[in-house]
Amino acid sequence: MLCFCLILLLEEISGGRMLSFSGLPGTGKIKENSLAGAWVYTFNVNLSSPSNTLETGDPIIINSNPLTKAFRISPVSLLQYNVATTGNPILDYETMPHTFELQILICDKAGAQALQILSVVVLDEDEPPEFQGNLATQTVMVYILENTPPGIVYQFHAVGSTNSTSTTLSYSWTPEGPFSVSPTGTIFSTKAFDYENDLPSYPLKITVNNGQGLNTTGTVIINIININDESPYFTIAKRVFGIKEEETIGTIVTTITAVDPDGELFNNSLHYSITAPQRIPYFSINPDNGVIQVASRIDRDIAPLNQHANITLEILAEDSPSYGQSSSITIVITIEDINDHPPECQRYVFREQFQETISPGTVIVDLQNICSDGDAVAPNNLFNFTGLSGVGSHKFAQDPPGSGRITLVGNMDLENKTGGAEKDYILKIVVEDIVWPFFRMMSEIGKVTATDEDVPSTGISYSIVAGGGTWDYSKIFWIDPEEGMVHIVAQLDYEETQRYLLTVQASDNEGGTTDVQVTVNVLEANDEKPVCSASSHLLEVPMDLTSGTNINGLYITCVDRDSSPRSFRYFINSGNVNNHFTFSPSAGSGSSRLILASPFDYKGGLDRVWEYRLEVLITDDNLLSMANGSTALVQTGSVTLTIKVIPNPTTVVPTTVRSFLHYLFTLSVVDPVPSKVM
């Protein structure tokens, strides 16, 4: 078989035909800057035999001088081929060789080969003019302040082609608007701009022409920088608000909103504060969003709120920390009384004696005058008494019902064995509010117990007769009159009072009393967070500020009621894009400076943010060891910083369950006073 094939091949070759090119060698010409697929040259292939075919993929460019990937071969018909550009790279007469020699190879499946050269000449073309600098590669953004007088805005440069027959360039722009372009490439403004009434930006299409029909277009966007020349105004229609007393600290009362006509940038930087002095600072306002919250305990039942339930606040809205515009508004918050006090009585055990000849209808005891309710207004300070209970209670009644005025309704004749009286009666009556109470106990902190060595015991009641309050709290402790259990009914604050001295009195139903001193020690806890003055700041810095500078001379000064300044740590929790900002010192001090840690780089494209909103956290854990830090209670304060970077007037920027109180009313014969209190 091998011999047969060799003989056959020799016969085909000996027929006088060989594998060859038609049109090669040859020379093709192509203009510089031609797009991918541009035609360069056409050639044909002659097969050695009609039965032969070319190898798959042939013909191919196997080499070039100089080396390039700028050309490729594509079939036109069965044996005709075009040489064309690939667009990689685009041919450029000024920067690339002017001639390329391409070695083109063909092979058929019989093993024959042919190789020829195609010379490609690159022709120089008249090219459009080019912009230089930033405008050559990107959109240029320029900034000018509103109210700036007409004048130079931006200077650009352009050059023509080296082989152009025209040396004069001309410029045009769209839209024309309030700008002009000089023959030397200077953009001028023709008016002073008003940010509130004019457009905030003007995109200009700048076209440079070479006079021969060739041109290039670039874009310059001129942005108008808003300046602070308008006062904010409030948008709320309601000026009177209501809130219940004893709301939890942090409860939201309302939100005050204002708008700055100067625009979104200043609206985002509005700072709210309460300027009218509050003798007691019941409320606070979030400086960033205007949310008014309860800041301290509000007790409607003590002065001055028990006489005047309205609190007037003056709210100030500012759009800049020192030299900006501001407006104020007055609002009124009405404190609504709730039923948060139970009825209380001066005595809870009574011993009454009377003759057996007493007439029905006689008043035995009137409880109305010895009980009271500490709530400010009706119906919260109203109360009544339930029906009597106990053995023989049917012989007594309240007249009128619920009044606490106990009268005799039955026969008290001790000799009358039928329907007569007993010698001793022990009656119980309950005093309670007439509306749903909000009164709630908190923690039980201890129990006082008194004993009566007399036999039989006539019952003991307990009351706090002194101590247990501060100037702000009418009552902090309450004692169960029957059980002697002492409860906390208000929040304790170690920083205000560390010790309370209570006088607890035990009494029996004969009027005998004895007192005991009870000391309540309040234990310290880290429940206070660092508080800084002020809680927010608006700062403005130039874009070319030197690193290491104390920004606007800002110091954050903080205090903590239960921690030393040496325990403070300062760190930026969010908003520190590219880590431009830091604090010094970062720990161990009651104040710290805001420092520019690294310069801004807008020209290089690193920075694109022009307004930074930093959340600064101040913790009181600097003195904690690593072991204790994981379990200790750490408090955190915060400060919000808004930092505006001010560009230079001309700046190029890359674009890309109900409760009752039960009291005992006793009618009985008893012996002396309790002998011991435990």
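Now for a description of the structure that goes with this document. (Residues numbered from 1 in each chain as written. Predicted model: local features only at pLDDT ≥ 70, side-chain atom pairs only at ≥ 80, totals over all residues. Heavy atoms only, no water.)

**A word on the state of the cysteines**
Counted under the stated rule, the structure contains 2 disulfides. There is a disulfide in this structure between Cys 345 and Cys 371, and the S-S distance comes to 1.9 Å. Taking the sign of the S-S torsion, about 100° here, the bridge from Cys 345 to Cys 371 comes out right-handed. Of the two residues, Cys 345 sits in strand S27 (residues 343–345) while Cys 371 sits in strand S29 (residues 371–373), which places them 26 residues apart along the sequence. Cys 371 gets classed as buried once you look at its relative accessible area, which sits at 8%. (Disulfide = S-S within 2.5 Å. Helix = DSSP H or I, 4+ residues; strand = E, 2+ residues; numbered from the N terminus. Buried < 20%, exposed > 50% of the residue type's maximum accessible area, 1.4 Å probe, protein only.)

**Concerning a nonpolar patch on the surface**
Nonpolar side chains collect at one region of the surface, where Ile 60, Ile 62 and Leu 115 lie side by side and expose about 240 Å² of accessible area between them. On the accessibility criterion, Ile 62 (43% relative accessible area) is partly exposed. (Patch = residues over 30% accessible without salt bridge, like charges linked within 9 Å, V, L, I, M, F, W, Y side chains within 5 Å. Areas by Shrake-Rupley, 256 points an atom, 1.4 Å probe, with all protein chains shown as cover. Salt bridge = Lys/Arg side-chain N within 4 Å of Asp/Glu carboxyl O.)

**Points about the sheet that holds strand S38 (residues 485–488)**
The strand order across the open sheet formed by 3 strands is S34-S38-S37, and the pairing between neighbours is antiparallel. In this open sheet, the two edge strands, each paired with only one partner strand, are strand S34 (444–447) and strand S37 (477–479). Averaged over neighbouring strand pairs, the angle between their axes works out to 25° when direction is ignored. (Pairing = 2+ DSSP bridges. Axes fitted to C-alpha atoms, helices over the stretch in contact; angles between N-to-C directions.)

**Focus on the packing of aromatic side chains**
According to the stated counting rule, one finds 18 aromatic pairs in the structure shown. Here the aromatic rings of Tyr 143 and Trp 610 are separated by 5.7 Å at their centres, their planes lie at 45°, and the arrangement is tilted. You can see Tyr 143 sitting in strand S10 (residues 140–145) and its partner Trp 610 sitting in the loop between strand S46 (591–596) and strand S47 (611–619), a full 467 residues away along the chain. Their ring planes at 80° and their centres at 5.9 Å tell us that Phe 383 and Phe 385 sit as a pair that is edge-to-face. One exposure class covers both Phe 383 and Phe 385, and it is buried. These aromatic residues form a ring-pair network of at least three members: Tyr 143, Phe 581, Phe 600, Tyr 602, Trp 610 and Tyr 612. (Phe/Tyr/Trp six-rings, centres within 6.5 Å; stacked < 30°, edge-to-face > 60°.)

**Regarding the pattern of salt bridges**
In total, this model carries 5 salt bridges according to the counting rule given. Among the ionic pairs, Asp 198 bridges to Lys 191, the shortest N-O distance being 3.1 Å. With relative accessibility at 29%, the residue Lys 191 sits in the partly exposed group. Each member of the salt-bridge network shares a partner with another, and the members are Glu 246, Arg 297 and Asp 299.

**Points about the pairing of strand S26 (residues 326–336)**
Side-chain alternation along S26 places Ser 327, Ile 329, Ile 331, Ile 333 and Ile 335 on a buried face and Ser 326, Ser 328, Thr 330, Val 332, Thr 334 and Glu 336 on a face that remains uncovered. Here strand S19 (residues 240–244) runs beside S26; their pairing, made up of 5 bridges, is parallel. Considered in S26, the bridge of Ile 243 is made with Ile 335. In the sheet, strand S25 (residues 310–318) pairs with S26 via 9 bridges, with the strands oriented antiparallel. Along S26, the bridge assignment pairs Leu 313 with Ile 331.

**Looking at the side chain of Ser 461**
Checked against the element boundaries, Ser 461 lands in strand S36 (residues 460–466). Non-local contacts of Ser 461, meaning those with residues more than four positions away in its chain, are made with Tyr 348, Val 349, Pro 481, Gln 505, Ala 506 and Ser 507. (Contact = heavy atoms within 4.5 Å.)

**Regarding the nonpolar core**
Of all hydrophobic cores here, the largest spans 29 residues; its most connected members are Phe 581 and Leu 594. Elements that contribute at least two residues to this core include exactly S10, strand S42 (536–542), strand S43 (550–559), strand S45 (581–584), S46, S47 and strand S48 (636–646). Beyond its immediate sequence surroundings of up to four residues, Phe 581 is in contact with Ile 551, Ile 572, Asn 576, Leu 594, Ile 595, Leu 596, Ala 597, Phe 600, Tyr 612, Leu 614 and Ile 643. Formed by 25 residues, the second largest nonpolar core is a distinct cluster that contains Val 40, Val 45, Phe 71 and Leu 91. (Core = buried A, V, L, I, M, F, W, Y, C linked by side-chain atoms within 4.5 Å.)

**Here we look at the environment of Val 140**
Note on placement: Val 140 falls in strand S10. Here Val 140 falls in the buried class, since its relative accessible area comes to 0%. For the pair formed by Val 140 and Thr 219, sequence separation is 79 residues and the distance between their alpha carbons is 6.4 Å.

**Here we look at unusual backbone geometry**
Comment: phi is negative for the bulk of residues other than glycine, and the bulk of peptide bonds are trans. Cis peptide bonds are those with omega within 30 degrees of zero, and the linkage from Asn 88 to Pro 89 qualifies with 5°. Looking at the secondary structure, you find Pro 89 in the loop between strand S6 (80–85) and strand S7 (99–107). Residue Ala 303 is joined to Pro 304 through a cis peptide bond whose omega torsion reads 0°. Within the secondary structure layout, Pro 304 lies in the loop between strand S24 (291–294) and S25. Its identity as a non-glycine residue notwithstanding, Asn 578 has a phi of 60°, on the positive side. Within the element layout of this structure, Asn 578 appears in the loop between strand S44 (569–574) and S45. For Asn 579, which is not glycine, the phi dihedral falls at a positive 55°. The residue Asn 579 is located in the loop between S44 and S45 in this model. Classification of Asn 579 as exposed rests on a relative accessible area of 57%.

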